[in-house]
Amino acid sequence: MKKLFVVLALMIFSSSVFCQQTKQDLLKKSKNQKTIAFVLAGGGSIAWLAGLNKYMNQEDNKDG
């Protein structure tokens, strides 16, 4: 009986912690995820352009 009570208490606690309580919470989380996605995409683009620039400016580049 004691184990059942502990398991049920943990299930109730975990469901309340990890669930979005309101639509407002979901919208805020979505906005944060979009912001992070744009930042990471921008950083990746900058890194790609920096690598391309380094490749194009090599002294021993055989393509020209």
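Scroll up to find the structure this text is about.
Residues numbered from 1 in each chain as written. Predicted model: local features only at pLDDT ≥ 70, side-chain atom pairs only at ≥ 80, totals over all residues. Heavy atoms only, no water.

Chemist: Any chance you could break down the overall build of the chain for me, citing the residues and the numbers?
Modeler: Within the chain, the regular secondary structure consists of two helices and zero strands. Counting over 64 residues, the chain shows a buried share of 2%. Roughly 6,400 Å² of accessible area belongs to the chain as shown, and the carbon and sulfur atoms make up 68% of that amount. (Helix = DSSP H or I, 4+ residues; strand = E, 2+ residues; numbered from the N terminus. Buried < 20%, exposed > 50% of the residue type's maximum accessible area, 1.4 Å probe, protein only. Areas by Shrake-Rupley, 256 points an atom, 1.4 Å probe, with all protein chains shown as cover.)

Chemist: Tell me what's going on with a nonpolar patch on the surface, and back it up with residues and numbers.
Modeler: A surface patch of nonpolar side chains, about 570 Å² in accessible area, is lined by Met1, Leu4, Val7, Leu8 and Met11. Within the element layout of this structure, Val7 appears in helix α1 (residues 2-18). (Patch = residues over 30% accessible without salt bridge, like charges linked within 9 Å, V, L, I, M, F, W, Y side chains within 5 Å. Salt bridge = Lys/Arg side-chain N within 4 Å of Asp/Glu carboxyl O.)

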